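The chain contents come next:
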Amino acid sequence: MTDQPAERPRLEPTRLTTRGYHVHVIDQTASTNHLVTEEAIKGAPEGLVVVAEHQTSGRGRLDRSWETPARAALTFSVLLRPTVAANRWPWLPLLAGLAVARALRATGVDADLKWPNDVLIGDGKVAGLLVERVETPVGPAAVVGIGLNVSTRTDELPVPGATSLLLAGVEADRTALLDRILWTLREEYDAWQAAPGDHALRAAYLERCATVPNHQVRVGLPDGSVIEGVATDIAEDGGLVVEGPAGPVTLHAGDVVHVRTGGI
Ligand code: BTN
């Protein structure tokens, strides 16, 4: 006997074949980023992954919330302890978004990126990432939080402008997808740690990013102001270069709307 709807099965941790991760699948928590941050402060090693079957009070970028029904999404956080120089850390959120897009593409989904790391199918946001830096007694850590809408229905989506794999016509096995994302994240992360100044990451990101070159954008900045212009490039430090009314500016945080697609 089970009370699980057939279309939303539980994750099967024994099927995960992850390298160098310690994956904990839990039934419910408010926010996996919060939980992993607490563990990081207590000294947990790199590779801790907490996956919640139901995240009840998830956190999004720019102080937004991210709530999803039980077993409809993948909601998880990965603890990393990068050893690269501090000035390379801004690439980590972009790298993580790229890893999710790559994992989806490997399963036949046409996923792209909106700067910095929203994962899109067409104009819809299928996954959001919240990467947080945490100061811990054994040095700075990064908590990479990923929320991917899998079988989420329209009335259950966590944010306006979102979509899910199901709404895009894809029926996905959450366990296989989680495994693949952890693998692609491991690959991207290891390559970056080994050669943080390598141009390959920027080139791969540029190939996948729908924001550049030359998308008309409206960017809400953390101070509440808005800049409109044309997104022309990704800077060497991972910032978004926007040609605005006062000339080119490089942005390091913000909420991008792709204007001409009428998108999100
Ligand atoms: C965004 O606003 O686009 C980022 C959403 C990030 C949501 C994920 S779900 C797992 C992890 N835990 C959280 O509390 N947030 C992230």
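A few points on the structure. For every chain, the first residue of its written sequence is number 1, and the numbers climb from 1 along that sequence. A pLDDT threshold of at least 70 governs which residues receive local features in this predicted model, and a stricter bar of 80 or more applies before side-chain atom pairs are shown or counted, although totals over entire chains, interfaces and linings include all residues. Note that water and hydrogens are dropped before the side-chain values are worked out from all heavy atoms of the structure.

With that settled, consider the site of the ligand. Here, proximity means that at least one heavy atom of the residue falls within 4 Å of the molecule or strand. Around the ligand, 20 residues are found, and the nearest of them are Ser 31, Gln 55, Arg 59, Arg 61 and Lys 125. Pairing of N or O atoms within 3.5 Å defines a polar contact, subject to two protein rules: one partner must be a possible hydrogen donor and the other a possible acceptor, and residues neighboring in sequence count only if both atoms are side-chain atoms. Contact distances for the ligand include 3.4 Å between a nitrogen atom and a backbone N or O atom of Asn 33. Lys 125 places a side-chain nitrogen or oxygen 2.6 Å from an oxygen atom of the ligand. Only DSSP runs of H or I covering at least 4 residues are called helices, and only runs of E covering at least 2 are called strands; the numbering of each starts at the N terminus. If you list the elements that add at least two residues to the shell around the ligand, you get α1 (32-41), β3 (58-59), β5 (73-80), β8 (124-136) and β9 (139-149). Among the elements that line the shell around the ligand, the one with the most residues is β8, at 4 residues. Of the residues belonging to the shell around the ligand, the class tally is 5 nonpolar, 11 polar and 4 charged. Charged residues are taken to be Asp, Glu, Lys and Arg, nonpolar residues to be Ala, Val, Leu, Ile, Met, Phe, Trp, Tyr, Cys and Pro, and polar residues to be all remaining types, Gly included.

A few words on helix α3 (residues 174-194). Along its 21 residues, α3 runs 30 Å from first to last C-alpha, staying within 8% of the 30 Å computed at 1.5 Å per residue. One side-chain oxygen of the residue at the start of α3 lies 2.9 Å from the amide nitrogen of Thr 175, identifying that residue as Asp 173. Expected helix span is computed as 1.5 Å times (number of residues minus one).

Before going further, it helps to spend a moment on the nonpolar core. Phe 76, Leu 104 and Val 119 are the most contacted members of the largest nonpolar core, which totals 57 residues. In terms of residue count, the dominant contributor to this core is helix α2 (residues 91-106) (11 residues). With near-sequence residues (within four places) excluded, Val 119 lies in contact with Gly 97, Val 100, Ala 101, Leu 104, Ala 111, Asp 112, Leu 113, Gly 124, Lys 125, Val 126, Ala 127 and Leu 129. Ranked by size, the runner-up nonpolar core spans 9 residues in total, among them Val 36, Ala 40, Ala 44 and Val 134. Side-chain atoms within 4.5 Å link the members of a nonpolar core, which is a set of buried Ala, Val, Leu, Ile, Met, Phe, Trp, Tyr and Cys residues. Think of it in three bands: residues with accessible area under 20% of the maximum for their type are buried, residues over 50% are exposed, and the middle band is partly exposed, with areas taken using a 1.4 Å probe on protein chains only. It only takes one pair of heavy atoms within 4.5 Å for two residues to be counted as in contact.

Now for the packing of aromatic side chains. Pairing of aromatic side chains requires ring centres within 6.5 Å, counting the rings of Phe and Tyr and the six-membered ring of Trp. Pairs whose planes differ by under 30 degrees are stacked, by over 60 edge-to-face, and all others tilted. Applying the stated criterion across every chain yields a total of 2 aromatic pairs. Plain terms: the ring middles of Tyr 189 and Trp 192 are 6.1 Å apart, the flat faces sit at 45° to each other, and that makes the pair tilted. Here the residue Tyr 189 and the residue Trp 192 both occupy positions in helix α3, the gap between them amounting to 3 residues, near one helical turn. Using a relative accessible area of 3% as the deciding quantity, one classes Trp 192 as buried. A ring is scored as having a charge over it whenever the NZ atom of a lysine or the CZ atom of an arginine sits within 6 Å of its centre and within 35 degrees of its normal. A cation over an aromatic ring shows up here: Arg 19 above the ring of Trp 183, its NZ or CZ 4.0 Å from the ring centre. Note that Arg 133 overlies the ring of Trp 89, its terminal NZ or CZ placed 4.6 Å from the centroid.

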